[in-house]
There are 2 protein chains.
Amino acid sequence: MRADARRNREKVLKAGRKCLADDGFDAQMEDIARRAKVGVGTVYRHFPTKDALVEALAAERFKGLTEKAREALDNPDPWAGFAEFMHYSASVQANDRALSEIMGARPEVMSEAAEESGLFEPVSELIAKAQKAGSLRRDVVPEDVPLLMCGLARAPRRGSKGPESNWERYLGIVLDGLRAPAITKLPPPRG
Amino acid sequence: MRADARRNREKVLKAGRKCLADDGFDAQMEDIARRAKVGVGTVYRHFPTKDALVEALAAERFKGLTEKAREALDNPDPWAGFAEFMHYSASVQANDRALSEIMGARPEVMSEAAEESGLFEPVSELIAKAQKAGSLRRDVVPEDVPLLMCGLARAPRRGSKGPESNWERYLGIVLDGLRAPAITKLPPPRG
DNA sequence: ACATAATCGGAACCTGAGTTCCGATTCCGG
DNA sequence: CCGGAATCGGAACTCAGGTTCCGATTATGT
């Protein structure tokens, strides 16, 4: 691949990260091109479609999540490890509108990216460890995490400017709801 | 107003409820017209704009919420009253995609509808009562309710068919997170 | 029943945003 | 340094979906 091509590809990715984080899926290809100081044609040469670009960037983010989940497994306190991962996930989503939209409204994209990045396994372990330690309620399953995450990411975005959001309040409440012992009985998971 | 006009208005509202509940804001005016067995022109005579229709229907829903909140105040058990309201709100949103989108992504519309319907007052009372009774954590404020609600409504919609959703699991977790005593300390609310 | 005016229906219009296309430009091997 | 191929840029195209418009239709007062 020619040198300028690779350079432009990077510029597109960088611009895409910023625009998608700010405006979510509504971000416009022209804006991305402009920010990358590149023509739209160039964007399309590297990513045949807007979806393709979005998915490529989503994959990046999921890789980051997986890494963080593995890292959190090293935390000697199982509950702290679990909470650490939840906090990281929430903050990532709070700063990336596109990611939270995918979590909330594109199950296919999400489950594929999760698959690809191997996110499921370390998250399951985090949960199992915390449950075994008696700090996480017994009736949560790994599938609940995206469920909770999605809410975490979406709720906060009142208006759209800056990270003046309440996601940390939200996370605090959810974390307390996840602690053992459970009080409210949950219906069995479906899906 | 002529008799047929009023009749058509009702048909449009009914069709709008159904289409918006199913497809959210993406519902198309043509679909609504078709379902109402009416031309698009007729829809536009009654509601000058898609937004106007959406807002009219949102107002309906908020009226229902307000009513339910007042009703829940009669519950002799303050916590049960609060939970009853939360459960009702969540189920309404789980069955109305447009409503949950408004809650999640249109603060202006939401706060206006909430204002209009007088929702804030009974909700504040519900919270105050449950806190006084010692069953609801002290650090929640009325503004947290939409925050939580939004998540409740959004997370569940994996795929888009039917109410095969997990919102009740979600609600159960959040309710436990709202119980006193709080463990995780929340940052102060902003906004 | 008739005149009049409101209402209806849906084709046509307009706008915004994703995508395509191709002449101009830039890179790289000989 | 040159030729040709890969890459670039952005004007033009396309299509979807909200909105407008107006001749046809239907309700209401006399």
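A word on the environment of Arg137(A). Assignment of secondary structure puts Arg137(A) in the loop between helix 8 (120-132) and helix 9 (144-154). For Arg137(A), a relative accessible area of 1% translates into the label buried. Filtering out sequence-adjacent residues up to four positions away, Arg137(A) remains in contact with Gln131(A), Gly177(A), Leu178(A), Arg179(A), Ala180(A), Ala182(A), Thr184(A), Leu186(A), Gly172(B), Ile173(B) and Asp176(B). A polar side-chain atom of Arg137(A) sits 2.8 Å from the main-chain carbonyl oxygen of Thr184(A).

In this section: the protein's contact with DNA strand C. Near DNA strand C there are 21 residues, and of these Tyr44(A), Lys50(A), Asn8(B), Gly41(B) and Arg45(B) occur at the shortest range. A share of 66% is what sugar and phosphate atoms reach among the atoms of DNA strand C within 4 Å of the protein. In the environment of DNA strand C, a phosphate oxygen lies 3.3 Å from a nitrogen or oxygen atom belonging to the backbone of Met29(A). In the environment of DNA strand C, a phosphate oxygen lies 2.9 Å from a nitrogen or oxygen atom belonging to the side chain of Thr42(B). With 5 residues, the top contributor of residues to the surface near DNA strand C is helix 3 (residues 40-46) of chain B.

In this section: the protein's contact with DNA strand D. Near DNA strand D you find 21 residues, and of these Asn8(A), Gly41(A), Arg45(A), Tyr44(B) and Lys50(B) are the closest. Atoms of DNA strand D within 4 Å of the protein: sugar and phosphate make up 66%, bases the balance. Interatomic distance of 2.7 Å between a side-chain N/O atom of Arg45(A) and a phosphate oxygen of DNA strand D. Here a sugar or linking oxygen of DNA strand D and a side-chain polar atom of Arg2(B) are 3.3 Å apart.

Turning our attention to the packing of aromatic side chains. Residues and elements named next belong to chain A. Scanning the entire structure with this criterion turns up 2 aromatic pairs over all chains. Centroid distance Trp-79 to Phe-82: 5.8 Å. Interplanar angle 50°. Geometry classified as tilted. Residue Trp-79 and its partner Phe-82 are both found in helix 5 (residues 78-94); the two are separated by 3 residues, about one turn of the helix. A cation over an aromatic ring shows up here: Lys-50 above the ring of Phe-25, its NZ or CZ 4.5 Å from the ring centre.

Phe62(A), Phe82(A), Leu178(A), Phe62(B), Phe82(B), Met86(B) and Leu178(B) are the most contacted members of the largest nonpolar core, which has 116 residues in total. When sequence neighbours within four positions are dropped, the list of residues in contact with Phe82(B) reads Leu126(B), Ile127(B), Ala130(B), Leu136(B), Leu175(B) and Leu178(B).

What follows covers the confidence of the model for chain A. The predicted structure's coordinates, where accompanied by low pLDDT, should not be read in detail. The pLDDT averaged across chain A works out to 92; a share of 93% of its residues lies at or above 70. Low pLDDT, under 50, characterises residues 159-163 of chain A; the stretch is placed with 3 contacts to residues that sit more than four places away or in other chains.

So, on to the environment of Asn166(B). Looking at the element boundaries, Asn166(B) is found in the loop between helix 9 (144-154) and helix 10 (167-178). As for Asn166(B) and Arg70(B), which are separated by 96 residues in sequence, their C-alpha atoms are 27 Å apart. Reaching out from Asn166(B), the side chain makes a polar contact with the backbone nitrogen of Arg190(A) at a distance of 3.0 Å.

Another point: a negative patch on the surface. On the surface, a cluster of negative charge is made up of Glu55(A), Glu112(A), Glu115(A) and Glu116(A). With 3 residues, helix 7 (residues 107-117) of chain A is the largest single contributor of residues to the negative patch.

The next point concerns helix 8 of chain A. In a regular helix each residue adds 1.5 Å, so 13 residues correspond to 18 Å; helix 8 of chain A covers 18 Å between its end C-alpha atoms and thus fits that length. Along helix 8 of chain A, the residues classified as buried are Pro122(A), Val123(A), Leu126(A), Ile127(A), Ala130(A) and Gln131(A).

Turning next to the pattern of salt bridges. In the structure shown here, the tally under the stated rule is 30 salt bridges over all chains. The partner of Arg137(A) in a salt bridge is Asp176(B), with the nearest N and O atoms 3.0 Å apart. In this pair, Arg137(A) sits in the loop between helix 8 and helix 9 while Asp176(B) sits in helix 10, so the two residues belong to two different chains. Side by side, Arg137(A) and Asp176(B) carry an identical accessibility label, which is buried. Taken together, the shared-partner salt bridges in this structure form one network comprising Arg137(A), Asp139(A), Asp176(B) and Arg179(B).

Moving on to helix 10 (residues 167-178) of chain A. Over its 12 residues, helix 10 of chain A runs 16 Å from end to end, which matches the ideal 16 Å to within 8%, given 1.5 Å per residue. Burial in helix 10 of chain A covers these residues: Trp167(A), Arg169(A), Tyr170(A), Leu171(A), Gly172(A), Ile173(A), Val174(A), Leu175(A), Asp176(A), Gly177(A) and Leu178(A).

All right, on to the environment of Pro78(B) then. Considering the arrangement of structural elements, one finds Pro78(B) in helix 5 (residues 78-94). With sequence-adjacent residues up to four places away left out, Pro78(B) is seen in contact with Lys129(B), Ala130(B) and Ala133(B).

Reading the values: the criteria
- Residues numbered from 1 in each chain as written.
- Chains lettered and ligands numbered in written order.
- Predicted model: local features only at pLDDT ≥ 70, side-chain atom pairs only at ≥ 80, totals over all residues.
- Heavy atoms only, no water.
- Helix = DSSP H or I, 4+ residues; strand = E, 2+ residues; numbered from the N terminus.
- Buried < 20%, exposed > 50% of the residue type's maximum accessible area, 1.4 Å probe, protein only.
- Contact = heavy atoms within 4.5 Å.
- Polar contact = N/O pair within 3.5 Å; in protein donor to acceptor, adjacent residues only side chain to side chain.
- Near = heavy atom within 4 Å.
- Phe/Tyr/Trp six-rings, centres within 6.5 Å; stacked < 30°, edge-to-face > 60°.
- Lys NZ or Arg CZ within 6 Å of the ring centre and 35° of its normal.
- Core = buried A, V, L, I, M, F, W, Y, C linked by side-chain atoms within 4.5 Å.
- pLDDT = per-residue confidence, 0-100.
- Patch = residues over 30% accessible without salt bridge, like charges linked within 9 Å, V, L, I, M, F, W, Y side chains within 5 Å.
- Areas by Shrake-Rupley, 256 points an atom, 1.4 Å probe, with all protein chains shown as cover.
- Salt bridge = Lys/Arg side-chain N within 4 Å of Asp/Glu carboxyl O.
- Lys, Arg positive; Asp, Glu negative; His and termini not counted.
- Charge placed at Lys NZ, Arg CZ, Asp CG, Glu CD.
- Expected span 1.5 Å × (residues − 1).

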